[in-house]
Amino acid sequence: MFDWIRRPFRSGHFAALDHADFPRMEPGAVWLVGAGPGGPGLVSLLAYHALGQADVIVHDALVSSDLLAMAPRRTQKLFAGKRGGKPSPKQADISLQLIELARAGKRVLRLKGGDPFMFGRGGEEAGALARAGVPFRIVPGISAGLGGLAYAGVPVTHRDTNQAVIFLTGHDETGAVPGGVDWPAVAKAAPVIVMFMAVKHLGSISQKLLAAGRDGADRVAIVSHAATPQQSVIETTLAEAPGLTDVPTPAIVVLGPVSAYRETLDWYVGEARRHVFG
């Protein structure tokens, strides 16, 4: 454990912000906050402020222990992680827990990996809070589909390659390949497709895209444990992707020409990985 983690709120820390006009985290309210793609340094100032104010943190599996350690020791931390293929709390139960904690007068921080509204079920939880009359605030985070790829040297857009990008989830609420996706339209709608939680069904998704006319030679990059010292990248093609096995997760998948920029933009190597903040 890093020494700075034990004393994150000591006198003088972030002194220039000690008297800043941050919104107050009121008892009985819930803040839905994005934790970013990996490194704890990628959270926003509002997220950092919430870590210091919350009575209880309800966090996802993808929220790093280093980030959680930035909260005061008095703060209660409750795990509410969802991981594919493993026993996970039901979404309805998580939403109910947030409501009950708020009604008990707690200042509740719902801390979610990436961004709450980018395949993070933040919309569902905010909707449940609204229906229950619980006040809430949304604090956006850096999505893994943007920041995670940036740490791998992959720009999601580039004027020389694409003027459009599609963000796609790799499974629906049942855990199966999304059934509501118009695969022929998706395959041709944008040069770049960014896929979240897609490793389990990557073979099936690849076959659907190929059947819809996507070029098998299109580049694919899979970024695992993005923005952490454990980050790894697998590069392949759409035709070869179904044969991949043992891909580390969590991972973000990008299909399209932008991964070619890794040849010159792959900056998160060597000394850059030494810093715990990202």
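Structure: see above.
This is a predicted model, so every value here is computed, not measured.

A. Summary view of the packing of aromatic side chains. According to the stated counting rule, one finds five aromatic pairs in the structure shown. Residues Y151 and Y268 carry aromatic rings whose centres are separated by 4.8 Å and whose planes lie at 70° to one another, so their mutual orientation is edge-to-face. With Y151 in the loop between helix 6 (144-150) and strand 6 (165-169) and Y268 in the segment after helix 9 (262-265), this residue pair connects regions lying 117 residues apart in the sequence. Considered together, Y151 and Y268 belong to a single accessibility category, that of buried residues.

B. The arrangement of the pairing of strand 6 in detail. Bridge count between strand 6 and strand 7 (residues 192-196): five bridges; the pairing is parallel. Across the sheet, the residue bridging to F167 is V194, located in strand 7.

C. Just the environment of A198, in detail. Mapped onto the elements, A198 comes out in the loop between strand 7 and helix 8 (202-211). A sequence separation of 107 residues divides A198 from Q91, and the C-alpha atoms of the two residues are 20 Å apart.

D. How the structure looks around the nonpolar core. Formed by 23 residues in total, the largest nonpolar core has its most connected members in I193, M195 and L209. Of all the elements in the fold, those that place two or more residues in this core are strand 6, helix 7 (183-189), strand 7, helix 8, strand 8 (219-224) and strand 10 (251-255). Residues contacting I193, with those up to four places away along its chain left out, are I166, L168, V186, L209, R214, V253, V254 and L255. Counting 19 residues, the second-largest nonpolar core is a separate cluster that includes W31, V63, L67 and A71.

E. Looking closely at the sheet that holds strand 7. Pairing within the open sheet is mixed, and its five strands lie in the order 6-7-10-8-9. The open sheet is flanked by strand 6 and strand 9 (232-237), the only strands paired with a single partner. Geometrically, the sheet is characterised by an average inter-axis angle of 20° between neighbouring strands, direction not taken into account. Against the sheet, helix 8 makes contact with strand 7, strand 8 and strand 10, and its axis sits at roughly 155° relative to strand 7, the strand it touches most.

F. Representation of the pattern of salt bridges. Tallied over the entire structure, the rule returns 10 salt bridges. A salt bridge links D60 to R110; the nearest nitrogen and oxygen atoms lie 2.8 Å apart. With a gap of 50 residues between them, D60 in the loop between strand 2 (56-59) and helix 3 (65-68) and R110 in strand 4 (residues 108-112) connect regions that are remote in the sequence. Grouping residues by exposure puts D60 and R110 together as buried. One continuous salt-bridge network, built from bridges that share partners, spans D60, R110, K112 and E125.

G. Just unusual backbone geometry, in detail. The omega torsion of the bond from T249 to P250 falls at 5°, within 30 degrees of zero and hence cis. You can see P250 is positioned in the loop between strand 9 and strand 10. Of note, the phi angle at D246 is positive, near 55°, even though the residue is not glycine. Locating D246 in the fold gives a position in the loop between strand 9 and strand 10.

H. Quick peek at the environment of A20. On the secondary structure map, A20 appears in the loop between helix 1 (3-6) and strand 1 (30-34). A sequence separation of 27 residues divides A20 from A47, and the C-alpha atoms of the two residues are 14 Å apart.

I. How the structure looks around the pairing of strand 7. Burial analysis of strand 7 places five of its five residues in the buried class, the great majority of the element. Along strand 7, one buried face is formed by V192, V194 and F196 and the opposite face, lined by I193 and M195, is buried too. Between strand 6 and its parallel partner strand 7, the chain crosses via helix 7, and the hand of that crossover is right-handed. Two elements, strand 7 and strand 10, share four bridges in a ladder whose sense is antiparallel.

J. Representation of the environment of A130. With respect to the helices and strands, A130 occurs in helix 5 (residues 122-132). The partly exposed category is assigned to A130, whose relative accessible area is 47%. Along the chain, A130 and K112 lie 18 residues apart, while their C-alpha atoms are 18 Å from each other.

Rules used in this analysis
- Residues numbered from 1 in each chain as written.
- Predicted model: local features only at pLDDT ≥ 70, side-chain atom pairs only at ≥ 80, totals over all residues.
- Heavy atoms only, no water.
- Phe/Tyr/Trp six-rings, centres within 6.5 Å; stacked < 30°, edge-to-face > 60°.
- Helix = DSSP H or I, 4+ residues; strand = E, 2+ residues; numbered from the N terminus.
- Buried < 20%, exposed > 50% of the residue type's maximum accessible area, 1.4 Å probe, protein only.
- Pairing = 2+ DSSP bridges.
- Core = buried A, V, L, I, M, F, W, Y, C linked by side-chain atoms within 4.5 Å.
- Contact = heavy atoms within 4.5 Å.
- Axes fitted to C-alpha atoms, helices over the stretch in contact; angles between N-to-C directions.
- Salt bridge = Lys/Arg side-chain N within 4 Å of Asp/Glu carboxyl O.
- Right-handed = clockwise from strand over helix to strand, strands pointing away.

None of this, on its own, says anything about what the molecule does.
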